Amino acid sequence: MSRHQGIGMTSQRTRERLAARLGDAGIRDVRVLDVMRRVPRHLFVDEALATRAYEDTALPIGYGQTISQPYTVARMTEVLMEVEPKKVLEVGSGCGYQSAVLAHLVAEVYSVERIQALVRRARESLSELRINNVRLRHGDGYAGWPVHAPYDAILVAAAPTEVPPALLEQLADGGRLVIPTGNGREQRLICITREGNICHERELEPVSFVPLTAGVER
Ligand code: SAH
């Protein structure tokens, strides 16, 4: 028996409603909307919060961290999909929800998380969903994950004050980095596309992420 069975019957319908709301909010890529309709977000939060899993809002996942707002997950994914990536690096796996969304759209997902307990939890949830194209690593995402570089796209789910240079270095030619930057409660979401050694930067919308913190935690 799987966890959170109580809301099993209603979750498909509430997920449909969430996808419709994301469409109304401006998400255009039908592949992304389809995946938002399919990934059971309630499996990535504590049972006590499962009934709120399909609200378009961030929710606490413990350790002072959050599961990102569905709109933000969909938006960042949509922007990455514009370059048709095959291999993606995510920084800040958290509970693994964004990784699961990416896993349905690209061939290989690599994801780095600095809190060991969250890495364990993300692994469990992804294996429960039989997702096997995500590799998770406990480490400091400021350094990226050099051994698998270059990446066609990099998605950062926590906000640094400046773009970490290692991430730009690990971006393939033609690759794209989507990252929130800033040190207040609200940050700027920016999209950087690399062409040779030139990086083109475009500002998207204001967002609100937890800070990207250096070092790892057991
Ligand atoms: N991707 C998640 C969002 C998680 S919140 C989702 O699907 O909802 C951001 C995560 O970034 C937190 O779990 C936090 O621990 C992690 N984080 C913060 N700084 C980090 C760093 N330097 N390296 C790796 N992960 C980091």
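One can find the structure itself at the top, above this paragraph.
Quick notes on the rules
- Residues numbered from 1 in each chain as written.
- Predicted model: local features only at pLDDT ≥ 70, side-chain atom pairs only at ≥ 80, totals over all residues.
- Heavy atoms only, no water.
- Helix = DSSP H or I, 4+ residues; strand = E, 2+ residues; numbered from the N terminus.
- Buried < 20%, exposed > 50% of the residue type's maximum accessible area, 1.4 Å probe, protein only.
- Polar contact = N/O pair within 3.5 Å; in protein donor to acceptor, adjacent residues only side chain to side chain.
- Pairing = 2+ DSSP bridges.
- Near = heavy atom within 4 Å.
- Areas by Shrake-Rupley, 256 points an atom, 1.4 Å probe, with all protein chains shown as cover.
- Nonpolar A, V, L, I, M, F, W, Y, C, P; charged D, E, K, R; others polar.
- Contact = heavy atoms within 4.5 Å.
- Axes fitted to C-alpha atoms, helices over the stretch in contact; angles between N-to-C directions.
- Phe/Tyr/Trp six-rings, centres within 6.5 Å; stacked < 30°, edge-to-face > 60°.
- Lys NZ or Arg CZ within 6 Å of the ring centre and 35° of its normal.

**Q** What's the story with the environment of Gln12 in this structure? I'm lost.
**A** Mapped onto the elements of the fold, Gln12 is located in helix H1 (residues 8-24). The exposure class assigned to Gln12 is partly exposed, which follows from its relative accessible area of 37%. C-alpha of Gln12 to C-alpha of Tyr54: the two residues are 42 residues apart in sequence and 9.8 Å apart in space. Within the structure, Gln12 has its side chain in polar contact with the side chain of Arg15 (distance 2.8 Å).

**Q** Sorry, what's going on with the pairing of strand S7 (residues 171-181) here?
**A** Both faces of the sheet carry side chains from a regular strand, because those side chains alternate between them. S7 sits mainly inside the fold: nine of its 11 residues count as buried. Sheet topology note: the strand S6 (residues 151-156)/S7 ladder contains four bridges and is parallel. Note that in S7 the partner of Tyr151 across the bridge is Leu171. Pairing geometry for S7 and strand S8 (residues 187-195), over six bridges, is antiparallel. For Pro180, the partnering residue across the bridge sits in S8 and is Leu189. Between S7 and S8, which pair antiparallel one after the other, the connecting turn spans five residues, and Gly182 there sits at a positive phi close to 135°.

**Q** I'm lost on the site of the ligand in this one. Help?
**A** Among the 25 residues in the neighbourhood of the ligand, the closest are listed as Ser68, Gln98, Glu113, Gly141 and Thr213. Take Ser68: an N or O atom from its main chain is 2.7 Å from an oxygen atom of the ligand. One of the backbone nitrogen or oxygen atoms of Arg114 is found 3.3 Å away from a nitrogen atom of the ligand. In the complex, 99% of the free accessible area of the ligand, which totals 570 Å², lies under the protein chains. Looking at the shell around the ligand, the elements that each hand over two or more residues are strand S2 (65-67), helix H4 (97-103) and strand S4 (108-113). No other element matches the three residues that S2 contributes to the shell around the ligand. Class assignment of the residues belonging to the shell around the ligand gives a composition of 11 nonpolar, 10 polar and four charged.

**Q** Is there a simple way to explain the side chain of Ser99 in this structure?
**A** Following the sequence through the fold, Ser99 ends up in helix H4. We classify Ser99 as buried; its relative accessible area is 0%. Here Ser99 is in contact with Glu90, Ser93, Val109, Ser111, Leu126 and Val134, once residues within four sequence places are set aside.

**Q** I keep staring at the sheet that holds strand S9 (residues 198-207) and nothing clicks. Help me out?
**A** Within a sheet, neighbouring strands are paired by backbone hydrogen bonds and run either parallel or antiparallel to one another. Within the open sheet, the seven strands sit side by side as S5-S4-S3-S6-S7-S8-S9. Their pairing is mixed. Where the open sheet ends on each side, the last strands, each with one partner, are strand S5 (134-138) and S9. Recorded for the sheet is a direction-independent mean angle of 15° between the axes of neighbouring strands. With respect to the sheet, helix H5 (residues 116-128) is in contact with S4 and S5, its orientation differing from that of S5 by roughly 165°.

**Q** How should the packing of aromatic side chains be read in this particular structure?
**A** Pairs of aromatic rings are described using the distance from one ring centre to the other and the angle between the two planes. Inspection of the entire model under this criterion finds three aromatic pairs. Seen from their ring centres, Tyr110 and Trp145 are 5.4 Å apart, and the 90° between their planes marks the pair as edge-to-face. With Tyr110 in strand S4 and Trp145 in the loop between S5 and S6, this pair connects stretches of sequence that are 35 residues apart. Accessibility assignment for this pair places Tyr110 and Trp145 in one class, buried. Connected via pairs of aromatic rings, a cluster forms that spans Tyr110, Trp145 and Tyr151. Taking the ring centre of Tyr97 as reference, the NZ or CZ of Arg41 above it sits at 5.6 Å. Between Lys87 and the ring centre of Tyr151, over which it is positioned, the NZ or CZ distance is 5.6 Å.

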